[in-house]
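# Structural description and commentary
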Amino acid sequence: MAILKVMKLGAEVLRRPAAEIEAKDLRRGRFKGLFEDLRETMVEYSGTGLAAPQVGSPVRAVLYMVEAAGKRSPLGGIPPTILVNPSFEAEDPKEVEDWEGCLSVPFLSARVPRPRKILVRALSETGKPVEFVAEDFHARVVLHESDHLDGVIYLDRVKDRASIRYTIDF
Ligand SMILES: [Zn+2]
């Protein structure tokens, strides 16, 4: 296991579409090492999500978690979860704005509009199909991380550009 270097904005790997992963490769455990490294790296940097391209692996896998405490997840948290080849349908077309940041864009934050409620389809880390509805912060995290698989950075989606701000004092 290893803590990996997180690619920063400007790295080419963050701007290109990542490759699909085959279920049989998940069943064979081919990506187990990558998933362990993603987990270790996310914990090290206190992230709430991390996509494989952010650590230089251009494949369609993301890791995320939702903390149980606080009003962001009143129904309880979500433990660190890997999603492979995720796809979405908007369950609620209404978009809501909230703050986002990104380990690849350190010290910045901005308000980003996202669908409030989505249906997610993906493969689990062992190659099983999964399908679930995600709402509010959960939906936001899944969508933010999955954007990385298409070379999209959250700043690309900001409508209220005046909301872009530093999160630290220089
Ligand atoms: Zn990000």
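This text goes with the structure placed above it.
First things first, this report covers the structure right here in the doc. All of these numbers come straight from a predicted model, not from anything done at the bench.

When helices and strands are tallied, the protein shows three helices and six strands. Walking the protein from its N terminus toward its C terminus, one meets helices and strands in the order α-α-β-β-β-β-β-α-β. Computed over the C-alpha atoms, the radius of gyration of the protein is 15 Å, within 12% of the 15 Å expected from 2.2 N^0.38 for a compact globule of 170 residues. With respect to the principal axes defined by its C-alpha atoms, the protein has extents near 45 × 35 × 30 Å. Of all 170 residues assigned to the protein, the portion counted as buried reaches 44%. In the protein, the proportion of contacts linking residues at least 24 apart, taken out of those at least 6 apart, comes to 66%. As displayed, the protein offers around 9100 Å² of accessible surface, 53% of which is attributable to carbon and sulfur atoms. Across the protein, the mean location of the 25 positive side-chain charges is 1 Å away from that of the 26 negative side-chain charges.

Bringing the pattern of salt bridges into the picture now. This model, assessed by the stated rule, comprises 19 salt bridges. Between Arg 28 and Asp 25 there is a salt bridge, and its shortest N-O distance comes to 3.4 Å. Take Arg 28: its relative accessible area is 62%, and that puts it in the exposed class. A residue is classified by how much of its surface remains accessible, and Asp 25, at 10% relative accessible area, is buried. Salt-bridge contacts for Arg 116 lead to Asp 92; the nearest nitrogen and oxygen are separated by 3.2 Å. Of this pair, Arg 116 sits in strand 4 (residues 105-123) while Asp 92 sits in strand 3 (residues 78-102), placing them 24 residues apart in sequence. Salt bridges sharing partners connect three or more residues here, namely Glu 100, Arg 114, Arg 140, Asp 147 and Arg 157.

Moving on to unusual backbone geometry. Glycine aside, residues mostly have negative phi, and peptide bonds are mostly found in the trans state. One non-glycine residue, Ser 46, lies in the positive phi region at around 50 degrees. Tracing the backbone shows Ser 46 in the loop between helix 2 (32-44) and strand 1 (49-51). Among the residues examined, Ser 46 registers a relative accessible area of 68% and is labelled exposed. Although it is not a glycine, Asn 85 sits at a positive phi angle of roughly 50 degrees. Here Asn 85 shows up in strand 3.

Under the definition given, this model contains two aromatic pairs. Ring centres of Tyr 166 and Phe 170 lie 5.0 Å apart, and the angle between their planes is 90 degrees; this geometry places the pair in the edge-to-face category. You'll find Tyr 166 and Phe 170 in the same group, each marked exposed.

Calculation rules
- Residues numbered from 1 in each chain as written.
- Predicted model: local features only at pLDDT ≥ 70, side-chain atom pairs only at ≥ 80, totals over all residues.
- Heavy atoms only, no water.
- Helix = DSSP H or I, 4+ residues; strand = E, 2+ residues; numbered from the N terminus.
- Rg over C-alpha atoms; globule rule 2.2 N^0.38 Å.
- Buried < 20%, exposed > 50% of the residue type's maximum accessible area, 1.4 Å probe, protein only.
- Contact = heavy atoms within 4.5 Å.
- Areas by Shrake-Rupley, 256 points an atom, 1.4 Å probe, with all protein chains shown as cover.
- Lys, Arg positive; Asp, Glu negative; His and termini not counted.
- Charge placed at Lys NZ, Arg CZ, Asp CG, Glu CD.
- Salt bridge = Lys/Arg side-chain N within 4 Å of Asp/Glu carboxyl O.
- Phe/Tyr/Trp six-rings, centres within 6.5 Å; stacked < 30°, edge-to-face > 60°.

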